[in-house]
Amino acid sequence: MDTAGTTAIVDGQVVDDGTPANAGTAMAVDGLEPTTVAGPSSGPRSADDVRAESALARDPGFLSLVESHAWGEADDADTEVLEAQPGAWRRALLDLLHHTDDALVGLRRGRSADTAQAIDDLEGEQSRLERVLNHLLGIAEPEVVAPAQPSGPAGDDAVIGPVALQLTWTDRKLVAWAGGPGQSAVDRRGLDALLGSTAAPAVWDNRGPVQLPDGAGRSAAVETQVGAVLGWLLADCTDTDVGGLSASARWLGHLAAWGVELVARGAMVPHVRRIHRKSRQKPSYVITWTPALVDSERLKRLADAMPGTVSILSPGVDAPTVTRAVLAEVVDVVCRDAAKRVEVPAAPPEARNPGELAESLLAHLDGSTFEAPAGLVGDMTNALDRWSAPVTGKTYHPLAVQLDPPDSGNAWHLAVFAQGPNHRLTPVEVALVNAGNSRREMEANLVRLERLFEPLKRPGSLRRGEVVLSQPEAWELMTEVGPVLRDAGFDVRVPALSRHTPTPSLRLWAEGGVSAVGANQLADVRWTAVFDDVELTAADIRRLAAEARPLVRVGGRWVALDHADLAAAAAALAERADRTRMSGAEMLRQALGLDGSPLAGGISISGSGWAADLLARASTATLEPAADPEGFTGQLRSYQGEALAWLQFLEATGLGGCLALDMGLGKTPTMLAHLVATAGELPALVVAPPAVVGNWASEARKFTPGLKVVVHHGASRASAESLAAEVDGADVVITTYSTAVRDIDALEKITFGNVVLDEAQAIKNPANDTSQQLRRLDSRTRLALTGTPIENGLGDLWAILDFTNPGLVGPRPAFVASLASSGDGTRDGAERALRALNGILVFRRTKSEPAIAAELPDRIDELDHCSMTPEQIGLYQAVLDALVTGATTEPGADQRKGQVLAAITALKQICNHPVAYRADDGPLDGRSGKLARLEEIVTAVYAAEERLLIFTHFAEWGVKLAAHLGQRFGIPIGCYHGGLSRGARDQLVADFQELEGPGALVLSLKAGGTGLNLTNANHVVLYDRWWNPAVEDQARDRAWRIGQTKTVIAHRLVCPGTVDERVEEVVAGKRHIADLVLPKSSSLGDLDPNQLKVALGLRTDEVLTEGPEPIDAPALAGGAFAEVGP
Amino acid sequence: MSRSRRGARGKKQATRPEVSTAFWGTEIDEELAPIRVSEDPSAMVRSLGAPPLKGHEVAAEYTFRLVYDKAVALATTLAAAAELDGNGNGEAPTEMPASNG
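Analysis parameters
Residues numbered from 1 in each chain as written. Chains lettered and ligands numbered in written order. Predicted model: local features only at pLDDT ≥ 70, side-chain atom pairs only at ≥ 80, totals over all residues. Helix = DSSP H or I, 4+ residues; strand = E, 2+ residues; numbered from the N terminus. Buried ≥ 20, exposed ≤ 12 C-beta atoms within 10 Å, placed from the backbone. Contact = placed C-beta atoms within 7 Å. Nonpolar A, V, L, I, M, F, W, Y, C, P; charged D, E, K, R; others polar. Pairing = 2+ DSSP bridges. Core = buried A, V, L, I, M, F, W, Y, C linked by C-beta atoms within 7 Å. Axes fitted to C-alpha atoms, helices over the stretch in contact; angles between N-to-C directions. pLDDT = per-residue confidence, 0-100. Expected span 1.5 Å × (residues − 1). Parallel < 35°, antiparallel > 145°, perpendicular 65-115°, else oblique. Left-handed = near helix turned anticlockwise from the far one by under 90°.

## Section: the overall build of chain B
Here is step 1 of the chain: Secondary structure summary: chain B contains three helices and zero strands in total.
Here is step 2 of the chain: When the helices and strands of chain B are listed from N to C terminus, the series reads α-α-α.
Here is step 3 of the chain: Across the 101 residues in chain B, those meeting the buried criterion constitute 37%.
Here is step 4 of the chain: A separation of at least 24 residues holds for 52% of the contacts in chain B among residues at least 6 apart in sequence.

As structure tokens, then:
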């Protein structure tokens, strides 16, 4: 029966409005006038009334009134409104209190000063709300109740405590009532409010009130079975964050938890109990489940702590008895419920003999009653009690089972002890002699132990309770049997163990002695296997492998080795038994896993010698970022500092390496920092694609202004004969791949400190001419820079590393096979393979690493200088020549102006691609430096499985570009331009935004430069330039906008020495559009041929070319491609 | 929701009059250890030997095992619902007494 407040059925749900059943006039409290509240006593309420009350209690305006009133800020009118709705007022107060309690629970986990302040504030709010609620409910506040009123037992006169929910145990039931020291009796409304506030389930039945001691009155009470509230006792009565509960409720919660703990261990036994029914001829019986293995000390502690309120209805019953009774009830409730869920054979209709009685008993384990002749049951009850006696005694003293670590003969000694006073251990055989009255129980428990662990019964044991265990038996005791024995009530003490399976690895001991030897110096080596921190020789492994359960002690704990791991380690050692001398390079390859690793833990190197020292230094090289070197005017990010430290490690060890920072992470400034740090005796040679040569020069000017930088590129570069003189005195020489190959005969005569290959994927094909020729360069250290060290496969990485450290990483097939085994062919697999080398031959960092991403700005703008092909140069010059020629023949300034503007457009198209200017059916490949650079960017972006946007203001070219890139990379690319229908454009955007993995979208600057949200891309390429920087910014902002979660990298492609670059100057604000082609106070039509050449012509010293030959200036002048016009 | 089961040193108590009588009691000052669940629920009852149910010893052991398994499962559920469950980190007990005397 539900009595906790008014309950209504609303939409099939039970709705408890928390309203006490007997609302009335509350007593005056703390200056508040008595409040007459109209409660449910005025008559039964409909579900609609309850709904309306609930809705009002949640109304923000009403809640505001309730809060104002609680803070003493409500005027009379406000108070009248509240008093007119007492139910909603109470509900709103309860809701607010719940919210406050929830907030307090969360805040109390915090420890800061701010949190403490917030807790204070909330507690103040809680106190005000409680005060009003208590006032409404007629519950006196402890602060204002006159202390003169005695309410507790003698001696309690001066004590005043809060009214709290009290729980009393009587007649196998829980009785709930409200009260507190120094408080008057609490009526049913107050009790119901407390039950509600403590989240007690609504399962209480009415019962007579509880008489408080010393005439303090009678508090209303309700009662229920333990089983009905067991979950609440466990969850809420043990939770100190749940307020309103008395010490008696907490105590019963603890006892309930103990009961459940016993059941969870299986510590209970069935017991037959007779039910006394005078009216029946045959006696009835029930099975009850009795707690077993009860810790007598814990029982005593709990009995001593039992509040008197628990037994207020059972005067004369002592605390230990009540404690045992509650514990037994909890155990019985859980077990009966469990037994109900188990299917057992039906009981015989009548138990006429012991066999039928046994059947009856098994059929009634759920606590249901059964009848049987008293004589039969008596015998069985006695037998059951004797059977369970070893675990049901009032004082259970567990036997201790102790396993000692093995002696030198690998024998594990197990002994059983009896525990005496102060937990003193006595060998059980000795203890049995002196046990006296407890001998039977001790003997019975030893028998129990022997049943569960049979080696104790082995014939020939030293004495009873002592036995020598084999390694497998010891392991079984430590792992499986030990917990079972503990659950069965024994104190199990075994050596520390770990269930962790050690990872096997090989250790290569280098015994070269002298650490200065190099990669090719041979040294004596020996091999061992290592299981975590335990090192095993081949002989050790043979011995362990012969054991059924090989145990070793790792880090102070015993662990079991896997036989398969031992076999693998034995095989690996046998395979290497003859390898007693190795070079440093071979050892390094072993450590890096480049010669394969037969064991999961790989191969480590110890001892002394080049490789061991190298690895030891590598492990600490990048722990601390290097400081910005003197002469470097920038500020390196922390990962760049780590990269610099790694470069310094390479410099010190004479190794080469691959700096593999992701695109946009600043490889160039990092390398410049290294070059300025190592500048001095020998110059450095930087070999880069033409697109980034200009960038190297400008970055060097910016970050290392003190370095003398020579750009060896283009038609005006030093001849082979004068190269040495040009390089002499230079700190850094920058050149292109094609120039370096072309001038290799001269370059190989110069000794460089560092040779740096930028965009080193250019040498990924070791057989091509560039790779072969560059190997001729003489350098102390070879370094490679790339964001995509594994563009097409691990062979790319081998080519780079074999260039930086010739011969060190071994042959290509073995390298690829070894690293491929640590990857799975995916990008992640390749990254895992890279990590195997990271910090030694490779320094890899990616933008996806959180620590790196945290340091990056949200946008990086890069200017890429692109080369011109001979076809582009020829066309460019032809268009210019036609314009100049026309200048001498065409009359009219306006017409002339139109021609100049058309020529500028044509020149920009030619910079893009010859096909952008003049369509033909030829392939696009190899005809545009810009396109080549774009393809490099797309390759890097796709390798990172990211997406990019490519903007051009020539829509027709955009369509061709999209088709070309789609075909080139095998991933379809759309082109968003104004010629498409609105629906088609929207679909393109939607499709792109849903893309996962690599992808791209080409957009015309005009149609796609504004309004679109394309945050799925984090790379933007401005393929050609527009005069207004704002237009370009808007285009870039399609990706760099709210919703973007990655750093956006924007590339602007420019052909130096062309009109393209002059547009860049305009965009960069270095000049105005008008200044581009017009001398001051002139107009387009006024330009003479020479002025036109200056304004729009090729600056041959700036134009980048990729081809083997320099720009032929005379050819330009003469117009190699005379046929002009779209 | 994670629950707090510290002893009787709750913050609220500090702001209210102290109560320390045998009758009304003081909140129990004993931490509740996480309830560990047996991996072999019927181990203890099995250690007692065959139940003395003449002629039905095997059936009794079987039935007891079913009931013990179910009871432990039920206790586990109750403990978990009250956030009182916990079987440690899986490492076996490792304490070694300082002396065995």
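## Here's the deal with the overall build of chain A
Here is step 1 of the chain: If you tally the helices and strands in chain A, you get 42 helices and 34 strands.
Here is step 2 of the chain: Considering only contacts in chain A between residues 6 or more positions apart, those separated by 24 or more positions represent 69%.

## Let's talk about the interface of chain B and chain A
Here is step 1 of the chain: Taken together, the contacts link 67 residues of chain B with 85 residues of chain A.
Here is step 2 of the chain: Elements represented by at least two residues in the side of chain B that touches chain A include exactly helix H1 (11–14), helix H2 (43–47) and helix H3 (57–81) of chain B.
Here is step 3 of the chain: Classifying every residue of the side of chain B that touches chain A by side-chain character gives 35 nonpolar, 17 polar and 15 charged.

## Quick word on the sheet that holds strand S9 (residues 370–371) of chain A
Residue and element names in this part refer to chain A.
Here is step 1 of the chain: Taking strand neighbours across the sheet as the criterion, the three strands line up as S7-S8-S9 in an open arrangement whose pairing is antiparallel. Every other strand in the sheet has two partners, leaving strand S7 (268–275) and S9 as the edge strands with one partner each.
Here is step 2 of the chain: Bridge count for S7 against strand S8 (residues 284–291) is eight bridges, and the pairing is antiparallel. Directly across from Ile 275, in S8, lies its bridge partner Ser 284.

## Regarding the nonpolar core
Residue and element names in this part refer to chain A.
Here is step 1 of the chain: In terms of nonpolar packing, the biggest core is built from 333 residues, with Ala 176, Val 260, Val 263 and Val 330 touching the most fellow members.
Here is step 2 of the chain: Ranked by residue count, the leading element in this core is helix H8 (residues 247–265), at 12 residues.
Here is step 3 of the chain: Once residues within four sequence positions are removed from consideration, Val 330 is found in contact with Val 226, Leu 230, Leu 255, Ala 256, Gly 259 and Val 260.

## Quick word on the sheet that holds strand S33 (residues 1019–1022) of chain A
All names here are of chain A.
Here is step 1 of the chain: Strand order across the open sheet formed by six strands is S29-S34-S33-S30-S32-S31, with parallel pairing between neighbours. Of all strands in the sheet, those bounded by a partner on one side alone are strand S29 (859–865) and strand S31 (974–976). Direction aside, neighbouring strands of the sheet carry axes that sit 20° apart on average.
Here is step 2 of the chain: In the sheet, S29 pairs with strand S34 (residues 1048–1054) via seven bridges, with the strands oriented parallel.

## As for the pairing of strand S21 (residues 603–608) of chain A
Residues and elements named next belong to chain A.
Here is step 1 of the chain: Only one face of S21 is covered, namely the one carrying Ile 603, Ile 605 and Gly 607; the face carrying Ser 604, Ser 606 and Ser 608 has none of its residues buried.
Here is step 2 of the chain: Across six bridges, strand S15 (residues 504–511) lies against S21 in parallel orientation. Looking at S21, one finds that Arg 507 is bridged to Ser 604.

## A closer look at the environment of Pro 201 of chain A
Residue and element names in this part refer to chain A.
Here is step 1 of the chain: Tracing the sequence through the fold places Pro 201 in the loop between helix H6 (188–197) and strand S5 (205–211).
Here is step 2 of the chain: Placed 28 residues apart in sequence, Pro 201 and Val 229 show a C-alpha to C-alpha distance of 6.8 Å.
Here is step 3 of the chain: The contacts of Pro 201, once residues within four sequence positions are left out, are Ala 228, Val 229 and Trp 232.

## Quick look at the confidence of the model for chain B
All names here are of chain B.
Here is step 1 of the chain: Looking at chain B as a whole, its pLDDT mean stands at 73, while 64% of the residues score no less than 70.
Here is step 2 of the chain: In the model, residues 6–20 has pLDDT below 50 throughout and makes 23 contacts with residues more than four positions away in sequence or in other chains.
Here is step 3 of the chain: Of the two predicted TM-score estimates for the complex, the pTM is 0.51 and the ipTM is 0.80.

## Details of the environment of Val 755 of chain A
Residues and elements named next belong to chain A.
Here is step 1 of the chain: Its location among the elements puts Val 755 in strand S26 (residues 751–757).
Here is step 2 of the chain: Sequence separation between Val 755 and Ala 784 is 29 residues, and the spatial gap between their C-alpha atoms is 8.3 Å.
Here is step 3 of the chain: With residues near it in sequence (within four places) discarded, Val 755 still touches Leu 685, Leu 777, Ser 779 and Arg 782.

## Comments concerning helix H35 (residues 955–969) of chain A
Turn by turn, an α-helix covers 3.6 residues, leaving residues three or four places apart pointing in a common direction.
Here is step 1 of the chain: Relative to the 21 Å expected for 15 residues at 1.5 Å per residue, H35 of chain A spans 21 Å between its end C-alpha atoms, a close match to the ideal helical length.
Here is step 2 of the chain: Taken together, the buried positions of H35 of chain A are occupied by Ala 955, Trp 957, Gly 958, Leu 961, Ala 962, His 964 and Leu 965 of chain A.

## Digging into the packing of helix H20 (residues 638–653) of chain A against helix H21 (residues 667–678) of chain A
All names here are of chain A.
Here is step 1 of the chain: Here H20 crosses H21 at 45°, and the two axes come no closer than 9 Å. Here H20 lies oblique to H21, going by the angle between them. Helix-helix and strand crossings are classified by hand; for H20 and H21 the assignment is right-handed. Mapping the contact onto sequence places Gln 640, Ala 643, Leu 644, Leu 647 and Glu 651 in H20 and Thr 670, Ala 673, His 674 and Thr 678 in H21.
Here is step 2 of the chain: Taken together, the residues that form the contact of H20 with H21 break down as four nonpolar, four polar and one charged.

## Some details on unusual backbone geometry
Residues and elements named next belong to chain A.
Here is step 1 of the chain: Unusually for a residue other than glycine, Arg 172 sits at a positive phi of about 60°.
Here is step 2 of the chain: Take Arg 172: it is sitting in the loop between strand S3 (164–170) and strand S4 (173–179).
Here is step 3 of the chain: With 13 C-beta atoms packed within 10 Å, Arg 172 lands in the partly exposed category.
Here is step 4 of the chain: At Glu 759, a position not held by glycine, the phi torsion is positive, near 50°.
Here is step 5 of the chain: With respect to the element layout, Glu 759 can be found in the loop between S26 and helix H26 (769–774).
Here is step 6 of the chain: According to the C-beta neighbour criterion, Glu 759 is buried, with 20 such atoms within 10 Å.

## Notes on the confidence of the model for chain A
Low pLDDT marks regions whose predicted coordinates should not be analysed in detail.
All names here are of chain A.
Here is step 1 of the chain: Per-residue pLDDT for chain A has a mean of 80; in total, 83% of the residues score no lower than 70.
Here is step 2 of the chain: Scored below 50 in pLDDT, residues 141–157 makes 42 contacts in the model with residues more than four places away or belonging to other chains.
Here is step 3 of the chain: A low-confidence stretch, residues 1073–1082 stays under pLDDT 50, and its non-local contacts, those more than four residues away or across chains, total 15 contacts.

## Some words on the packing of helix H11 (residues 354–363) of chain A against helix H12 (residues 374–392) of chain A
Residues and elements named next belong to chain A.
Here is step 1 of the chain: Direction vectors running N to C along H11 and H12 enclose 70°, while the axes themselves pass 10 Å from each other. By the angle between their directions, the pair H11 and H12 is classed as roughly perpendicular. Of the two elements, H11 crosses H12, and the hand of that crossing is right-handed. Contact residues: H11 offers Pro 354, Leu 357 and Leu 361, while H12 offers Leu 376, Val 377 and Met 380.

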